[in-house]
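Coordinate inspection notes
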Amino acid sequence: QVSAQILAFFTVARRLAAQRKEIDAVLEPFLLSPETLREVKNKMRTELEYGLKRETQGSATVKMLPTYVCGTPDGTEKGKFLALDLGGTNFRVLLVKIRSGRRKSVRMYNKIFAIPLEIMQGTGEELFDHIVHCIADFLEYMGIKGARLPLGFTFSFPCKQASIDKGTLVGWTKGFKATDCEGEDVVDMLREAIKRRNEFDLDIVAVVNDTVGTMMTCGYEDPNCEIGLIAGTGSNVCYMEDMKNIEIVEGNEGKMCINTEWGGFGDNGCIDNIRTEYDKEVDEGSLNPGKQRYEKMTSGMYLGEIVRQILIDLTKRGLLFRGQISESLRKRGIFETKFLSQIESDRLALLQVRQILQQLGLDSTCEDSIIVKEVCGAVSRRAAQLCGAGLAAIVEKKRENRGVEHLQITVGVDGTLYKLHPHFSRVLQETVKELAPWCDVTFMLSEDGSGKGAALITAVAKRLRNIDKYLYAMRLSDETLIDIMARFRREMKNGLSRDFNPTATVKMLPTFVRSIPDGSEKGDFIALDLGGSYFRILRVKVSHEKKQTVQMESEIYNTPEDIMHGSGTRLFDHVAECLGDFMEKQQIKDKKLPVGFTFSFPCRQSKLDEGVLITWTKRFKASGVEGADVVKLLNRAIKKRGDYDADIMAVVNDTVGTMMTCGFDDQRCEVGLIIGTGTNACYMEEMRHIDLVEGDEGRMCINTEWGAFGDDGSLEDIRTEFDREIDRGSLNPGKQLFEKMVSGLYMGELVRLILVKMAKEGLLFEGRITPELLTKGKFETKHVSAIEKSKEGLSKAKDILTRLGVEPSHEDCVAVQHVCTIVSFRSANLVAATLGAILCQLRDNKGVGRLRTTVGVDGSLYKMHPQYARRLHKTTRRLVPDSDVRFLLSESGSGKGAAMVTAVAYRLMSSSQTQLCTCVAINTLGHLLGIMGPELQHAAALGHLTV
């Protein structure tokens, strides 16, 4: 009898072991190793990048949809807002009252309405009529039907947005199937439904995803919150991405919230290796087979169904419920995710688990309860780990974006699965920590849901909309920039024409520089560089031993304001005095070296060593110079001194000097560009196009003097009230209008005028305006450059504004940085448009399909501003896509260029003299041969003469 009992015991043990082995085999695919989770993280990261890139976004499974939410709450938001929250079987309408200041608070009143299944899966018109009916009921209930409130619409389905108040439905999820909605703008559909009802009106300011709403809700409490996570009926994440990484949206500055729509991750088969037969069964039985595969493995809507499929399989194998599949177990949806949360509770005894199973019509034993609990745990743990792996990819991306070794960031979270499941949040957090060890992630539960977030987004959008009304005219579309290119091209043509040049604003001045350096130049030269408050003199030695080298020595002299605004005689006496001092220091007063004169003002030339000043720019106002030859004025000043002599061979513009400096290093350089205190460009034009100079052969450098572009009113449509105010307060009203929109001399002042206007409107500094802020010139262009630095820009903004007597908030600093960005970006865009016109002219001149050329660049704005060069390059290449443009920074300034112009002129002159001597010698020899031919022949025959 004992032996029989032992045998029975071992038989049961073997059976239980076999059952255990079979159960383990079923659940094994749900156990994900750290290596597998890292692989999921890496694949998610790849898909994130695909979704951000223009060329791959169309086929990406993670769509990375721009939301046009570009800011988070800053505490200054206030007012009454209406919020709608549609994302499941319930629809919520909220009235949100926001107070700012010390008593900052958010008060909410809401009402929940059911969305019947027949409405969810009926027509789009029926759905939106139902929504409007619910809104009317709520407005009536709150007694505010007559108020036109700003409204934020949380619409928790994938939408493509072209602006914050437009959302085109990509596809329904979460059991919704209303017809005639996909591909339509849901904001327009809501507006149409409001019109049909004709009882009230609302200002629909923003449409957002629930994930974005969650991030904004938590961001109101914690400014470090830049990620939103939903782990509930559905699964999704949003985060603040750097604009420079979002190729599908124009612009590079600032950040924008990206709605990842990561539920579609894996729809391309990239995670098929971890999908089980049960996942496939759930997918095939869903409303959208083959789509949202990641969501179907991680979200509350599907976890209960995965568990049911496993239970059916285990029952078929005879491992559960005595092998009997009950009718209730056959019913899809019977095993809801809330039962997982209840069954997995640590406080729930097996008897209570049995009671839950009995409620579901499942007659179970204690052993069944243990197995069911184990199945639920495997499914929910995998879901949390997969969510954690995806989230780890995003926090790692945020760390790399910021360029830091260690990231501190907050994730705002909402959703029933995260909130109610006993272990989901812990497993998710542990997974993120393991897969992103260099990121310190705080998880913040959204207590008020995404409806509050929609109201906050509406408040932020309304505030930014008020700010942007001042900046809207400075945002230039590519269409506008291409139009400006065409306008400038016409002005170039007018300037080159003999008939139209007198009235052209872009003077297209011939420089009589006909060649760039070819590498054979050599000699000792003096270069003068006058173009601002500092005057530079250089000695440039060009040698030609094994290879061409340039040695330079220079001195900088101050040009006082009283000399800049005094008489021309005083100005050129000052130049001559500085030149004498330099030659004394160089001990070359006894030498008459060739001199190149960089004179950075518009001059009309009829030869290389003549320059008649057309008009002063850059704050110079010396009398008696306009209309005079500056070379003669300088020669006269030198002669008056009488202690040295100089041979002024060339007078050139700083732009030409820049082109020649860069041309010495790159012989493809045929454009010179200055973006500093002033702005200008030159380029090598075909002689056949230059009516102002005789001859059709070869090329000549044209000094465009593009700063005056628009002086005829051709840019009035893009000039702002601030541009006009700058012009009115300048030394030369009505002149150099393009230069006043783009150059460093005016950029800081332009920003100051905008800040003053915004402060007066109460949009900045709580409406406070200090005497320093009202003082012209106090906000300099160097401040714009400092504020736009990527890492320390906001702290620089605070320092600069504090020195101006303002006590800025963090949000004030963000807004000021935004203003600086818009102003400097407009400058780069406008310069790119005019430069693009020159590049098109060069391409057409050469008759090539694709232009390859180099642009030599100089100027403090280009050199010192942290973003300017990159913006200019990117916009230029976008506007002129059929070109390969190299931008070459002039390291030695335009002074070296003046010496190179002189060296080229010296080379060409020497070459001409050599050719002249050769011609004379040949003519003389021929003459002698004609006279003395017989005698020479006889001498040669005798060996007395060798030719």
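The paragraphs below set out a description of the structure included in this document. Keep in mind it's a predicted model, so treat the numbers as computed, not measured.

Rules behind the numbers
- Residues numbered from 1 in each chain as written.
- Predicted model: local features only at pLDDT ≥ 70, side-chain atom pairs only at ≥ 80, totals over all residues.
- Heavy atoms only, no water.
- Helix = DSSP H or I, 4+ residues; strand = E, 2+ residues; numbered from the N terminus.
- Rg over C-alpha atoms; globule rule 2.2 N^0.38 Å.
- Buried < 20%, exposed > 50% of the residue type's maximum accessible area, 1.4 Å probe, protein only.
- Areas by Shrake-Rupley, 256 points an atom, 1.4 Å probe, with all protein chains shown as cover.
- Lys, Arg positive; Asp, Glu negative; His and termini not counted.
- Charge placed at Lys NZ, Arg CZ, Asp CG, Glu CD.
- Contact = heavy atoms within 4.5 Å.
- Polar contact = N/O pair within 3.5 Å; in protein donor to acceptor, adjacent residues only side chain to side chain.
- Expected span 1.5 Å × (residues − 1).
- Pairing = 2+ DSSP bridges.
- Axes fitted to C-alpha atoms, helices over the stretch in contact; angles between N-to-C directions.
- Phe/Tyr/Trp six-rings, centres within 6.5 Å; stacked < 30°, edge-to-face > 60°.
- Lys NZ or Arg CZ within 6 Å of the ring centre and 35° of its normal.
- Parallel < 35°, antiparallel > 145°, perpendicular 65-115°, else oblique.
- Nonpolar A, V, L, I, M, F, W, Y, C, P; charged D, E, K, R; others polar.

**Here we look at the overall build of the protein**
Broken down by element type, the protein carries 30 helices and 26 strands. A globule of 947 residues ought to have a C-alpha radius of gyration of about 30 Å, yet the protein, at 38 Å, is considerably larger. Counting the 947 residues in the protein, one finds 56% classified as buried. Total accessible area computed for the protein in this model is approximately 40700 Å², and 50% of it derives from carbon and sulfur atoms. Taken as two groups, the 126 positive and 128 negative side-chain charges of the protein have centres that lie 2 Å from each other.

**Remarks on the environment of D201**
Within the secondary structure layout, D201 lies in the loop between α5 (186–197) and β8 (203–208). Taking the C-alpha atoms as reference points, D201 and T46, 155 residues apart in sequence, are found 44 Å from one another. With near-sequence residues (within four places) excluded, D201 lies in contact with A147, R148, L149 and I194. A polar contact is formed between the side chain of D201 and the side chain of R148, at a distance of 3.0 Å.

**A short note on the environment of T802**
Within the secondary structure layout, T802 lies in helix α26 (residues 793–803). There is a polar contact of 2.6 Å between the side chain of T802 and the backbone oxygen of K798.

**Overview of the side chain of T704**
Tracing the backbone through its elements, the reader meets T704 in the loop between β24 (699–703) and α22 (721–728). From its side chain, T704 meets the backbone oxygen of A681 in a polar contact 2.7 Å long. Apart from residues lying up to four places away in sequence, T704 is in contact with V506, K507, M508, N680, A681, C682, Y683 and I838.

**Topic: unusual backbone geometry**
A positive phi angle, near 55°, is found at R322, a position not held by glycine. Relative to the helices and strands, R322 is located in the loop between α9 (300–316) and α10 (327–330). On the basis of relative accessible area, R322 is assigned to the exposed category, the value being 56%. Positive phi is not limited to glycine here, since Q736 has a value of about 55°. By relative accessible area, Q736 is classed as buried at 6%.

**Side note on helix α15 (residues 424–435)**
Helix length check: α15 (twelve residues) gives 17 Å between terminal C-alpha atoms against 16 Å at 1.5 Å per residue, within 8%. Buried residues belonging to α15 abut α2 (34–52), β9 (225–231), α8 (293–298), α13 (366–402), α14 (416–420) and β13 (439–445).

**So, the pairing of strand β2 (residues 79–86)**
Counting buried positions along β2 yields six of eight residues, so the element is predominantly enclosed. Of the pairings in the sheet, the one linking β2 to strand β3 (residues 90–99) comprises eight bridges and is antiparallel in character. By the bridge assignment, G79 is partnered in β3 with I98. With five bridges joining them, β2 and strand β5 (residues 150–155) adopt parallel strand pairing. In the sheet register, D85 faces β5, and the bridge partner there is T154.

**Description of the sheet that holds strand β22 (residues 669–675)**
The strand order across the open sheet built from six strands is β14-β24-β23-β22-β25-β26, with neighbouring strands paired in mixed fashion. On the outer flanks of this sheet lie β14 (509–510) and β26 (883–889), each paired with one strand and no other. Of the pairings in the sheet, the one linking β22 to strand β23 (residues 679–686) comprises five bridges and is antiparallel in character. By the bridge assignment for β23, G672 is matched with C682. Along the sheet face, helix α29 (residues 868–879) touches β22 and β26 and points at about 160° away from the line of β26.

**Overview of the packing of aromatic side chains**
Summed over the entire model, instances satisfying the criterion amount to 20 aromatic pairs. On the numbers, 5.3 Å between centres and 80° between planes, the contact of W262 with Y294 is edge-to-face. On the criterion of sequence distance, the pair formed by W262 in the loop between β11 (255–259) and α7 (277–284) and Y294 in helix α8 is long-range, its members being 32 residues apart. Residue W262 is classed as buried on the basis of its relative accessible area, which comes to 0%. Here a set of aromatic residues connected by ring pairs shows up, and it is made of F153, F155, F157, W172 and F176. Between the NZ or CZ atom of K111 and the centre of the ring of Y141, over which it lies, the distance is 4.7 Å.

**Quick word on the environment of A828**
You can see A828 is positioned in helix α27 (residues 810–846). Leave out the neighbours within four places in its chain, and A828 touches Y868, R871 and L872.

**Observations regarding the packing of helix α17 (residues 478–496) against α29**
With their axes 11 Å apart at the nearest point, α17 and α29 run at an angle of 75° to one another. Between α17 and α29, the angle is such that the two are roughly perpendicular. Counting all contacts with α17, which are made through D478, L481, I482 and M485, the residues of α29 involved are T875, R878 and L879. Of the residues that constitute the contact of α17 with α29, the class distribution is four nonpolar, one polar and two charged.

So, to be careful, I would describe these as geometric facts and stop short of saying anything about function.
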